[in-house]
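Breakdown of the fold
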Amino acid sequence: MFFSRQIQQFIAVARAGSFSLAANDIAITPSALSHGIHELEQRLGKKLILRKKTGTFLTSYGKALYNDIAPLYDKSINIFNRTKGDTPRTVICVDAFLNPTLPKKLAILIEKFGNRIEIKSSKASLPLENTLDEYCDVILDVTYGLNEKIPSSVYKMALPPEKIVIVASDKVISKYKDPFQMLKMENIFLRDAVLQHNVFQKIKNNLHEHCIKGQFIALPDVYDVIGALTLDMGIALITENAVNHPAFNEKDLISLDMPKEFQFILNRGIYFKKERYDELIDIVTCIHNN
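All values reported here derive from a predicted model rather than from experimental measurement. (Residues numbered from 1 in each chain as written. Predicted model: local features only at pLDDT ≥ 70, side-chain atom pairs only at ≥ 80, totals over all residues. Heavy atoms only, no water.)

**Describing the packing of aromatic side chains**
- In the structure shown here, the tally under the stated rule is six aromatic pairs.
- Taking the centre distance of 6.2 Å and the plane angle of 75 degrees together, the rings of phenylalanine 200 and phenylalanine 216 count as edge-to-face. Separated by 16 residues along the polypeptide, phenylalanine 200 in helix α10 (residues 198-209) and phenylalanine 216 in strand β9 (residues 216-219) bring together distant segments of the chain.
- Plain terms: the ring middles of phenylalanine 272 and tyrosine 277 are 6.0 Å apart, the flat faces sit at 35 degrees to each other, and that makes the pair tilted.
- With relative accessibility at 0%, the residue phenylalanine 272 sits in the buried group.
- Judged by its relative accessible area of 32%, tyrosine 277 is partly exposed.
- In this structure an aromatic cluster arises from ring pairing among Tyr155, Phe272 and Tyr277.
- It is arginine 51 that lies over the ring of phenylalanine 19; its NZ or CZ is 3.8 Å from the centre.
- It is lysine 120 that lies over the ring of tyrosine 135; its NZ or CZ is 4.5 Å from the centre. (Phe/Tyr/Trp six-rings, centres within 6.5 Å; stacked < 30°, edge-to-face > 60°. Helix = DSSP H or I, 4+ residues; strand = E, 2+ residues; numbered from the N terminus. Buried < 20%, exposed > 50% of the residue type's maximum accessible area, 1.4 Å probe, protein only. Lys NZ or Arg CZ within 6 Å of the ring centre and 35° of its normal.)

**Some thoughts on the confidence of the model for the protein chain**
- Chain-level statistics for the protein chain give a pLDDT mean of 84 and a share of 92% at 70 or above.
- By mean pLDDT, the top-scoring element of the protein chain is helix α7 (residues 170-173) (94), and the lowest-scoring one is helix α12 (residues 246-249) (70). (pLDDT = per-residue confidence, 0-100.)

**Details of the packing of helix α5 (residues 102-113) against helix α13 (residues 277-289)**
- Contact geometry of α5 with α13 gives a least axis separation of 9 Å together with a crossing angle of 145 degrees. Crossing angle aside, the handedness with which α5 passes α13 is right-handed. On α13, the residues touching Lys105, Ile108, Leu109, Lys112 and Phe113 of α5 are Asp282, Ile283, Cys286, Ile287 and His288.
- Of the residues that constitute the contact of α5 with α13, the class distribution is six nonpolar, one polar and three charged. (Axes fitted to C-alpha atoms, helices over the stretch in contact; angles between N-to-C directions. Left-handed = near helix turned anticlockwise from the far one by under 90°. Contact = heavy atoms within 4.5 Å. Nonpolar A, V, L, I, M, F, W, Y, C, P; charged D, E, K, R; others polar.)

**Some details on the nonpolar core**
- Leu183, Phe200, Leu207, Leu237 and Met258 are the most contacted members of the largest nonpolar core, which totals 28 residues.
- Of all the secondary structure elements, the ones that give two or more residues to this core are β7 (162-169), α7, α8 (179-185), β8 (188-191), α9 (192-196), α10 and β10 (235-239).
- When near neighbours in sequence (up to four residues on either side) are disregarded, methionine 258 contacts Ile164, Val165, Ile166, Leu183, Leu207, Leu237, Gln263 and Phe264.
- Ranked by size, the runner-up nonpolar core spans 22 residues in total, among them Phe3, Ile11, Ile37 and Tyr73. (Core = buried A, V, L, I, M, F, W, Y, C linked by side-chain atoms within 4.5 Å.)

**Some remarks on the pairing of strand β2 (residues 55-58)**
- Here four bridges tie strand β1 (residues 49-52) to β2, and the two strands are oriented antiparallel to one another. Paired with arginine 51 across the bridge in β2 is threonine 56.
- In textbook terms, the turn of a hairpin is the stretch between consecutive antiparallel strands, and for β1 and β2 this stretch comprises two residues. (Pairing = 2+ DSSP bridges.)

**Let's talk about empty space enclosed by the protein**
- Under the counting rule described, the total for this entry stands at two cavities of 30 Å³ or more.
- Within this model, the largest cavity holds a volume of roughly 140 Å³.
- Every residue lining the largest cavity is counted, 14 residues in all, and those nearest its centre are Leu98, Arg191, Val194, Leu237 and Ile238.
- Every element with two or more residues in the lining of the largest cavity is listed here: β8, α11 (222-230) and β10.
- Here the lining of the largest cavity gets four residues from one element, more than from any other, and that element is β10.
- Among the residues making up the lining of the largest cavity, the classes are represented as 12 nonpolar, one polar and one charged.
- In this structure, the second largest cavity spans a volume of roughly 80 Å³.
- If you go around the second largest cavity, the residues you meet are Val94, Asp95, Phe97, Asn99, Leu102, Lys105, Leu140, Asp141, Leu159, Arg268 and Gly269.
- Residue assignment for the lining of the second largest cavity shows that the elements contributing at least two residues are α5, β5 (138-144) and β12 (265-273).
- Of the residues in the lining of the second largest cavity, the class split is five nonpolar, two polar and four charged. (1 Å grid on protein atoms, 1.4 Å probe; cavity = no way out; pocket = protein on both sides within 12 Å on 5 of 7 lines; lining within 4 Å. Points joined across faces, edges and corners; volume = space filled by probe spheres on them.)

**Let's talk about α11**
- For α11, the complete set of buried residues consists of Val222, Val225, Ile226, Ala228 and Leu229. The buried residues of α11 occupy one face: seen down the axis, they fall within an arc of 160 degrees.
- The backbone nitrogen of tyrosine 223 has a side-chain oxygen 2.8 Å away, supplied by the residue at the start of α11, namely aspartate 221.
- In the segment just after α11, aspartate 232 is the residue with positive phi, at about 60 degrees. (Arc of directions from axis to C-beta. Polar contact = N/O pair within 3.5 Å; in protein donor to acceptor, adjacent residues only side chain to side chain.)

Encoded structure:
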């Protein structure tokens, strides 16, 4: 690879917002990751990352370094991925929101296109056009609200929208007269990748504007979230179709609509560059139609 091990580790932490998640993403131990970041800080003579109880944050120098180097890093990864094999791969990024139809779509894609495709998690923190230029070829992602601004160079193929619902145990639900009080009083559990997504940050801000300022707790995996719900520790906010995921079907959990003040509708879509329409339309159509 074109960048040092420490730079790769720094970028992983900056994007994951967590040492444990970043370590998992790049397949090393958290202690080895901490050591690598410390080495980089020693080399540069600057503090790059702060670890607090509320999360992991970049210092002002860390932000400046990330903004300078991340686009170059992504471009090098893209070049490397395109040249490492005889056949160029189409890289497809997938958002963090649980989608029970996704495994079927991916299975059909892999069966039809084989090693011509590569699946990655999306970089929701990057602008859409930059992501398509530097990181991947096709994005499956969600937006929130009606004022979505799509760059003129990007083509969107819409997927069915989904609303956000509350999921909880019967014991937790029975404690409240209405969902509004439940939102105000209960801990809200989410996968860390979902909580970091810019769409959920907008939802969270909307809740805060209506005095819903409960504790949002990020957990690594959907099964960790389900475990917290089955122990009656709080509630989760998920898309309505995600309730049909086997992980939720196996447990005695109940879904109910959000209060009328919070009808959050997520607009799913497939995004790719217009200039590559002829090249990518077969893959995109396969995703859209299955």
